[in-house]
Amino acid sequence: MKVLIAGGAGYIGSTVASACLDAGISPVILDSLVTGRREFTAGRAFYEGDIADGALVDRIFARHPDIGAVIHCAALIVVPDSVADPIGYYRANVTKSLEFVAHLLRNGCSRLIFSSSAAFYRAGADLSVDEDSVIDPQSPYARTKAVCEAMFADIAASKPVRVLSLRYFNPIGADPKMRTGLQVRQPTHALGQMILAHQAGVPFVITGTDWPTRDGTGLRDYVHVWDLAAAHVAALTRFDTLSGQATAVNLGTGTGTTVRELLAAFNRVAGRPVEVREAGRRPGDAAGAYSRIDRAERLLGWRPQYDLAEGIGHSLQWAALRDEILPG
Ligand SMILES: NC(=O)c1ccc[n+]([C@@H]2O[C@H](COP(=O)([O-])OP(=O)(O)OC[C@H]3O[C@@H](n4cnc5c(N)ncnc54)[C@H](O)[C@@H]3O)[C@@H](O)[C@H]2O)c1
C-alpha cells in the first residue's frame, strides 16, 4: 500500500514516513518546504508543492493510483506567529486544508488521517483530558485545528471519505535511527530550551512557578515522536475497523510531567546539571494537561513504548547530529 503524507518533510511527517517505510508501507511525500527539509525526503517519492495546488494533487494520484490513505500533517505551527498573523494562519491551515480535501475527494481518497492537536482542550482540575473534554482553543493556531476537525467531520458526514483526527500532545525525541528529528535550531519548548542551555552553559529559565500543579511549574504530556509515528502505522492498519465517519483519538502517554520533573530527568540523562533561573509566566502560557489514553489503546491497539528518559536521550543525540544532517 502507498500513503500520501502531506507535510512529510517536517518533523513529525518525516518520522511517520520512516515508520511507514519500516512497516512496508510506501510513503509519497507532498511538501512545500515552507518549514520542512529536503534532506528528509531523500530516497522517498517526493513532490514539492502546496496542498492547495489541485493540478499537483491530481498529478500525484495519476502517478500513484495505489495510494490507499492520506496523512495530513501540513500546517504552520508556531502559536505566537498565529497570534500576530491570524489571517495567514487561517489561510495556511484552514483554507488550504479545505482545498486539499476537495482535491482528495476528486481523486477518490476515502481515508484521511489528520494531524490534530491537544492544544485546544480545556483541562479539568486534575489536568487530565480525554477526547470528550471541553474544546476551548486559546490561540488562533489551536483554533485552526479545531476548525479543521469540525470541517472534516461535516464533509465526512455527506461525502465518501472517513476521517481520523489524531490529537498529539507534546512530541519529543527523534527517529531512534536518527534519520530525522526536529529541524529547527532554536526550539522554544521546554526540552529544546534545556538542550540549548546545556550546550551553551547558560541557565535554563523556568517561566512560571505559580501554576496549579504539584510543584507550581507547567505540566505537559511528552510523547516520543517515534511512538506518534507508530500510532499512524497502527491507524493505517486499523482504519477500516473504525466505526463512524469521523473519529478523534488522543496520542499522549497518560502521564503529566512538570517542568521541574523534566529538568530532573534531563539532568540525569545529560549527566551534567543545567543551572536554573526562575521567572514569571509568559503571556499565553497555560498550566497544561495530560491525556487519558484508553481510546488509543482500544481503537488502535497503541500504547507508547518509549519513556521520558529515552525521549530526552534521543533529543540530545539528534541535537548533536543536527547540523551535520541538516547543514545551513
Ligand atoms: N510539533 C508539535 O508540537 C505538534 C503538536 C501537535 C500537533 N502538531 C501537528 O503536527 C503536524 C506536523 O507538525 P510538525 O511539528 O512536524 O511541524 P513541521 O513544521 O516540522 O512540519 C510541517 C510540514 O508541513 C509543510 N507544509 C506546511 N504548509 C504546507 C502547505 N500548504 N503545503 C505543503 N506543505 C506544507 C512544511 O513544509 C513542513 O514540512 C502539524 O499539522 C501540527 O499542527 C504538531
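Each chain carries its own residue numbering, running from 1 in the written order of its sequence. In keeping with the predicted nature of the model, local features appear solely for residues at pLDDT of at least 70, side-chain atom pairs appear and are counted solely at 80 or more, and the whole-chain, interface and lining totals rest on all residues. Where side-chain values are given, they derive from all heavy atoms of the structure, hydrogens and water being excluded.

Draft legend 1. How the structure looks around the site of the ligand. Proximity is defined per residue: any heavy atom of the residue falling within 4 Å of a molecule or strand makes that residue near it. Taken together, 28 residues sit near the ligand, with Ile12, Asp31, Thr35, Tyr141 and Gln183 positioned nearest. Here a polar contact is taken to be a pair of N or O atoms separated by no more than 3.5 Å, where protein atoms must pair a possible hydrogen donor with a possible acceptor and residues adjacent in sequence count only if both atoms sit in side chains. In this structure, an oxygen atom belonging to the ligand sits 2.8 Å away from a main-chain N or O atom of isoleucine 12. One nitrogen or oxygen atom from the side chain of tyrosine 141 is found 2.6 Å from an oxygen atom belonging to the ligand. To be clear on the numbers: accessible area is Shrake-Rupley with a 1.4 Å probe, and residue cover counts the displayed protein chains and nothing else. Relative to its unbound accessible surface of 820 Å², the ligand loses 91% to contact with the protein. Strands are runs of DSSP state E lasting at least 2 residues, helices are runs of H or I lasting at least 4, and numbering of each runs from the N terminus. Ranked by the residues each element gives to the shell around the ligand, the list is headed by strand β5 (residues 111-117), at three residues. Classifying every residue of the shell around the ligand gives 14 nonpolar, ten polar and four charged. Gly counts as polar in this scheme, as do all residues outside two lists: the nonpolar Ala, Val, Leu, Ile, Met, Phe, Trp, Tyr, Cys and Pro, and the charged Asp, Glu, Lys and Arg.

Draft legend 2. Examining the pattern of salt bridges more closely. By salt bridge we mean one thing: a side-chain nitrogen of Lys or Arg within 4 Å of a carboxyl oxygen of Asp or Glu. The tally for this structure, following the rule as stated, stands at 21 salt bridges. For aspartate 22, the salt bridge identified is with arginine 179, shortest N-O distance 2.9 Å. Residue aspartate 22 is found in helix α1 (residues 11-22), and its partner arginine 179 is found in the loop between β8 (170-172) and α6 (190-200); the two are separated by 157 residues along the sequence. In this structure aspartate 22 comes out as partly exposed when scored by relative accessible area, which is 42%. Notably, a salt bridge pairs glutamate 278 with arginine 260, separated by 2.9 Å at the nearest N-O pair. Within this pair, whereas glutamate 278 is found in strand β14 (residues 276-279), its partner arginine 260 is found in helix α8 (residues 259-270), the two being separated by 18 residues in sequence. Each residue gets one of three labels from its accessible area relative to the maximum for its type: buried under 20%, exposed over 50%, partly exposed in between, using a 1.4 Å probe on protein chains only. Of the residues examined, glutamate 278 reaches a relative accessible area of 46% and is grouped as partly exposed. Connected via shared salt-bridge partners are Asp22, Asp175, Lys177 and Arg179.

Keep in mind that these numbers describe shape and distance, not what the molecule does.
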